[in-house]
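Residue-level listing of the chains:
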Amino acid sequence: MPERADHDPAAGVAPRGILRRRPERWLFKGIYGLVLASALVAALDVPGEEANPGQDALWVLLTALTSGAAHGYAHVIAQRAAGGGTARPSRLRAVLAEWPLAAAVLPTVVLLLAAEAGWWAEEPAADTALVLNTVLLFALGTSAARTAGLGRLSSCRAGTLDMLIGLVIIAADALIE
């Protein structure tokens, strides 16, 4: 079966557009975004320093956007190296297809912005973001495994392994502080 001109298998870009791609692609990128957000919020919340949750929220969001763009652009470069020619609209979609990575950091950004607004202090906001991201890692890991056709028990094991990444970040944050 011939491939459509706007389908880019190397970048995982489906011919139907950004919002209709295969769920495993955005689950993968969502997990990556949650790990990124957790690592950043742990690194930016330094005890003893003046709290600046608004600036931290901006750094989390900018880092996610930059990481997503870099990942998408790496697909474009890989295609060029493989002899795919110059950039086409499907390659622009490869960069834009990284939106789940940026979307996954939004709960962390919202929690930090709530601290900036004075609804609570930065430390509880950062701690809540770490716990929430860890729970979401379990949920997305389990969902990704179910999407892949695994049974409930196997899916829970997969979700638990993803959740362990969040727990490692929480443990590292506690040890480093």
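Please read these numbers as outputs of a predicted model, since none were measured by experiment.

Student: Talk me through the overall build of the protein; I want residue IDs and the actual numbers.
Tutor: Within the protein, the regular secondary structure consists of seven helices and zero strands. The helix and strand sequence of the protein, counted from the amino end, reads α-α-α-α-α-α-α. With 177 residues in all, the protein has 38% of them scored as buried. Across the protein, the fraction of contacts at a sequence separation of at least 24, relative to all contacts at a separation of at least 6, is 67%. Counting every atom, the protein has about 9,900 Å² of accessible surface; 68% of that belongs to carbon and sulfur.

Student: Just give me the short version of the packing of helix 5 (residues 106–116) against helix 6 (residues 122–147), but keep the residues and values in it.
Tutor: It is at 9 Å that the axes of helix 5 and helix 6 come closest, and there the two elements cross at 165°. Classified by the angle between their axes, helix 5 and helix 6 sit roughly antiparallel to one another. Judged by the sense of rotation from one axis to the other, the crossing of helix 5 with helix 6 is right-handed. On helix 6, the residues touching Pro 107, Thr 108, Leu 111, Leu 112 and Ala 115 of helix 5 are Glu 122, Ala 125, Thr 128, Ala 129, Leu 132, Asn 133 and Leu 136. A class-by-class count of the residues in the contact of helix 5 with helix 6 yields eight nonpolar, three polar and one charged.

Student: Provide a residue-level description of the nonpolar core, including the pertinent values.
Tutor: Within the largest apolar cluster, 15 residues are counted, with the highest numbers of intra-cluster contacts made by Val 60 and Val 105. Breaking this core down by element, the ones donating at least two residues are helix 1 (23–44), helix 2 (53–81), helix 5 and helix 6. Among the elements that take part in this core, helix 1 stands out by supplying five residues, more than any other. In this structure Val 105 touches Gly 33, Ala 37, Val 60, Leu 61 and Ala 64, once residues within four positions along its chain are discounted.

Reading guide: rules and limits
- Numbering of residues starts from 1 in every chain and runs along the sequence as written.
- Local features in this predicted model are restricted to residues of pLDDT 70 or higher, and side-chain atom pairs are both shown and tallied only at a pLDDT of 80 or more, whereas totals for entire chains, interfaces and linings draw on every residue.
- Only hydrogens and water are set aside; all other atoms, that is, all heavy atoms of the structure, feed into the side-chain values.
- The way it works is that DSSP assigns letters per residue, a run of H or I at least four long becomes a helix, a run of E at least two long becomes a strand, and they are numbered from the N terminus.
- Here the term buried applies to any residue with accessible area under 20% of the maximum for its type, exposed to any over 50%, and partly exposed to those in between, with areas from a 1.4 Å probe on protein chains only.
- Note on contacts: a residue pair is in contact if any heavy atoms of the two residues lie within 4.5 Å.
- Only the protein chains shown count as cover for residues, with accessible areas throughout obtained via the Shrake-Rupley method and a probe of 1.4 Å.
- Simply put, an axis is a line fit to the C-alpha atoms, just over the touching stretch for a helix, and the angle between two N-to-C directions goes from 0 to 180 degrees.
- Note on terminology: angles under 35 degrees are roughly parallel, angles over 145 are roughly antiparallel, angles of 65 to 115 are roughly perpendicular, and the others are oblique.
- Crossing chirality is assigned from the near helix's rotation relative to the far helix, an anticlockwise turn below a right angle marking it left-handed and a clockwise turn marking it right-handed.
- Classification used: nonpolar for Ala, Val, Leu, Ile, Met, Phe, Trp, Tyr, Cys and Pro, charged for Asp, Glu, Lys and Arg, polar for all others including Gly.
- Residues belong to a common nonpolar core when they are buried Ala, Val, Leu, Ile, Met, Phe, Trp, Tyr or Cys residues joined through side-chain atoms within 4.5 Å.

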